[in-house]
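Below, each chain spelled out in residue letters.
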Amino acid sequence: MTDAVTFRGVSRHFGIVKAVDEVDLSIRDGEFFAMLGPSGSGKTTCLRLIAGFEQPTAGHIEIFGERAEGVPPYLRNVNTVFQNYALFPHMNVRDNVAFGLRVKGVGRAERHRAAEEALELVELGGYGNRRAGELSGGQRQRVALARALVNKPRVVLLDEPLGALDLKLREQMQEELRKLQRALGLTFVFVTHDQDEALSMADRVAVFAEGKIQQVGTSEDIYRRPNTRFVADFVGSSNVLPADLVGAGASGQWASLRPEDVVLDASGREATVTGRYFHGRVTKLSLDLAGQSLTALIPAREDAPEIGETTKISWDPARVHVMGQGA
Ligand code: ATP
């Protein structure tokens, strides 16, 4: 099957800034693909390259197997949902959604029909006459999505689309977006700097740092088997420790051990508690194990040792992931 989007050695440099640097990437047709990374790592530039708002300074991009160079944004089979929604506040919801169709010269009746259909998809049927400026953040987000869907793209690009929403609404929209993507069978490319959001929503995640992709894989791959220290640390704040200290690998290698995999165990190894933080369902312990700092997340119902106390810890050796040399 042809991939939805392919990058072959794609770079986008701005002067000396290597925003995107020799990236190879395949996004499959119909998948929910997340681009995850810290601010400035090149995610948005990748999205803009797919959309056609930026051109590569090197390499090639294909969209459904066809070279994208020279194809203007409106002729690509993709549409973008921006973080700030970019709605026209004085226009009503229907006209906002239908705006792109109007620019393309689609007649009024057909425009309205298509806009209503897109609004139904995002559960805003009946909101067509409301002014965009009068809507809540969550509703504006849906209108922005309807405006992308109305063009019937095969790929929807979403740049931090939930960034402006409060946590509860954000979680609700995450679920709805996922359902909609599955129901429509479209390819979604989703940019976020929130690891929980990426891991919980995506079929596959690409982790970016400094214009390069560090790792691409399923959420499980990325979380359980990080390739590099950067990925281990960025995705879920893992403990990155000398492999021989945690009984795996050889000296000189590094291993990752997730904080939730460290357990209190009277027959385990001695560690000193250097910090203790209550987080509701869990308590986070900072520990010193033979001179190395380590974090453990233990269920809050357990009696957590106090700062300065010595405790005993262990972990399932199968949970230790040894990273390759040079990680
Ligand atoms: P954020 O999460 O903050 O949006 P990002 O991972 O999406 O970050 P990009 O916006 O792709 O990162 O930016 C990558 C790098 O390229 C940054 O250093 C940025 O300053 C630089 N950059 C992006 N666009 C331009 C531009 N038009 N001119 C110059 N530099 C740019």
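Quick caveat, the model's predicted, so the values are computed rather than measured.

1. Digging into the overall build of the chain
Next up, step 1: The helix and strand tally for the chain stands at eight helices and 17 strands.
Next up, step 2: Referenced to the eigenvectors of the C-alpha coordinate spread, the extents of the chain come out at roughly 75 × 45 × 35 Å.
Next up, step 3: Buried residues in the chain amount to 49% of all 327 residues.
Next up, step 4: A separation of at least 24 residues holds for 63% of the contacts in the chain among residues at least 6 apart in sequence.

2. With respect to the domain arrangement of the chain
Next up, step 1: When the domains of the chain are assigned, the result is domain 1 (5-230) and domain 2 (237-324).
Next up, step 2: One C-alpha centre belongs to domain 1, the other to domain 2; they are set 38 Å apart.
Next up, step 3: Taken residue by residue, the interface counts eight residues in domain 1 and ten residues in domain 2.
Next up, step 4: Contact between domain 1 and domain 2 buries roughly 810 Å² in total, counting both sides, with carbon and sulfur atoms accounting for 44%.
Next up, step 5: For domain 1, the biggest contributors to the area lost against domain 2 are Tyr 223, Arg 224 and Arg 229; these three give 68% of the whole.
Next up, step 6: Here Arg 224 and Asp 261 are joined by a salt bridge, their closest N and O atoms 3.0 Å apart.
Next up, step 7: Counting the contacts that link domain 1 with domain 2 gives four residue pairs in polar contact (both at pLDDT 80 or more).
Next up, step 8: Looking at which element gives the most residues to the side of domain 1 that touches domain 2, the answer is helix H7 (residues 219-224), with three residues.
Next up, step 9: Split into classes, the residues belonging to the side of domain 1 that touches domain 2 amount to three nonpolar, two polar and three charged.

3. Regarding the sheet that holds strand E12 (residues 254-257)
Next up, step 1: In spatial order, the strands read E11-E12-E17; together these three strands make up an open sheet with antiparallel pairing. Because the sheet does not close on itself, it has two edges, and the strands there are strand E11 (239-242) and strand E17 (321-322).
Next up, step 2: Across two bridges, the pairing between E12 and E17 is antiparallel. Within E17, the position partnered with Ser 256 by the bridge is His 321.

4. Observations concerning the sheet that holds strand E3 (residues 32-36)
Next up, step 1: Across the sheet, six strands lie side by side as E6-E7-E8-E3-E9-E10; this open sheet has mixed pairing. The open sheet has two edge strands with one neighbour each: strand E6 (78-81) and strand E10 (212-217). Sheet twist, expressed as the average angle between the axes of neighbouring strands with direction ignored, equals 20°.
Next up, step 2: Looking at chain direction, strand E9 (residues 204-209) and E10 are connected through five bridges and run antiparallel. Each residue of the ladder has a partner; that of Ala 206, found in E10, is Val 216.
Next up, step 3: Each of E3, E6, strand E7 (155-159), strand E8 (187-192) and E9 touches helix H1 (residues 43-51); the most contacted strand, E7, lies at about 150° to it.
Next up, step 4: Here helix H4 (residues 137-149) sits on the sheet in contact with E6 and E7, set at roughly 170° to E6.

5. Remarks on the nonpolar core
Next up, step 1: Counting residues in hydrophobic clusters, the biggest one holds 45 residues, and the most contacted among them are Val 97, Leu 145, Leu 158, Leu 177, Val 205 and Val 235.
Next up, step 2: If one sorts the elements of this core by residue count, H4 sits on top with six residues.
Next up, step 3: In this structure, Leu 177 is in contact with Phe 32, Leu 145, Leu 158, Pro 161, Leu 162, Phe 188, Phe 190 and Met 201, ignoring residues within four places of it in sequence.
Next up, step 4: Of all hydrophobic cores here, the second largest spans 26 residues; its members include Val 23, Ile 27, Met 35 and Cys 46.

6. Examining unusual backbone geometry
Next up, step 1: The phi dihedral of Glu 123 falls on the positive side, at around 60°, and the residue is not glycine.
Next up, step 2: Within the secondary structure, Glu 123 sits in the loop between helix H3 (108-121) and H4.
Next up, step 3: Given the relative accessible area of 61%, Glu 123 is considered exposed.
Next up, step 4: Even without being a glycine, Lys 152 presents a positive backbone phi close to 50°.
Next up, step 5: On the secondary structure map, Lys 152 appears in the loop between H4 and E7.

7. Quick notes on helix H2 (residues 93-103)
Next up, step 1: Buried within H2 we find Val 93, Arg 94, Asn 96, Val 97, Ala 98 and Leu 101.
Next up, step 2: Elements that come into contact with the buried residues of H2 comprise H3 and H4.
Next up, step 3: The residue sitting at the N-terminus of H2 and contributing the capping side-chain oxygen is Asn 92; that oxygen lies 3.1 Å from the backbone nitrogen of Arg 94.
Next up, step 4: At the exit of H2 stands Gly 105, carrying a positive phi of roughly 85°.

8. Some points on the side chain of Thr 283
Next up, step 1: Along the polypeptide, Thr 283 turns up in strand E14 (residues 282-289).
Next up, step 2: Taking the relative accessible area as the measure of exposure, Thr 283 reaches 6% and is therefore buried.

Rules of the game
In this convention, every chain numbers its residues from 1, walking through the sequence in written order. With the structure being a predicted model, the display of local features is reserved for residues of pLDDT at least 70 and the display and counting of side-chain atom pairs for 80 or more, all residues being used for whole-chain, interface and lining totals. Side-chain metrics rest on all non-hydrogen atoms present in the structure, leaving aside hydrogens and water. Starting at the N terminus, helices and strands are each numbered in turn, a helix being any DSSP run of H or I of at least four residues and a strand any DSSP run of E of at least two. Burial classification: accessible surface area is computed with a 1.4 Å probe over protein chains only, and a residue below 20% of its type maximum counts as buried, one above 50% as exposed, and the rest as partly exposed. Should any heavy atoms of two residues lie within 4.5 Å, those residues are considered in contact. Those domain boundaries reflect an automatic or database domain assignment. The term buried area means the drop in 1.4 Å probe accessible area that two parts suffer when joined, counted for both and summed. Here, a salt bridge means any side-chain nitrogen of Lys or Arg that lies within 4 Å of a carboxyl oxygen of Asp or Glu. Here a polar contact means two N or O atoms within 3.5 Å. Within protein one must be a hydrogen donor candidate and the other an acceptor candidate, and residues neighboring in sequence count only if both atoms are side-chain atoms. Basically, the charged four are Asp, Glu, Lys and Arg, the nonpolar ten are Ala, Val, Leu, Ile, Met, Phe, Trp, Tyr, Cys and Pro, and anything else, Gly included, counts as polar. The pairing criterion is simple: DSSP has to find at least two bridges between the two strands. Geometry is summarised by axes, namely lines fitted to C-alpha atoms with helices restricted to the contacting stretch, and by angles between N-to-C directions that run from 0 to 180 degrees. Working definition of a nonpolar core: buried Ala, Val, Leu, Ile, Met, Phe, Trp, Tyr and Cys residues. They are joined through side-chain atoms within 4.5 Å.

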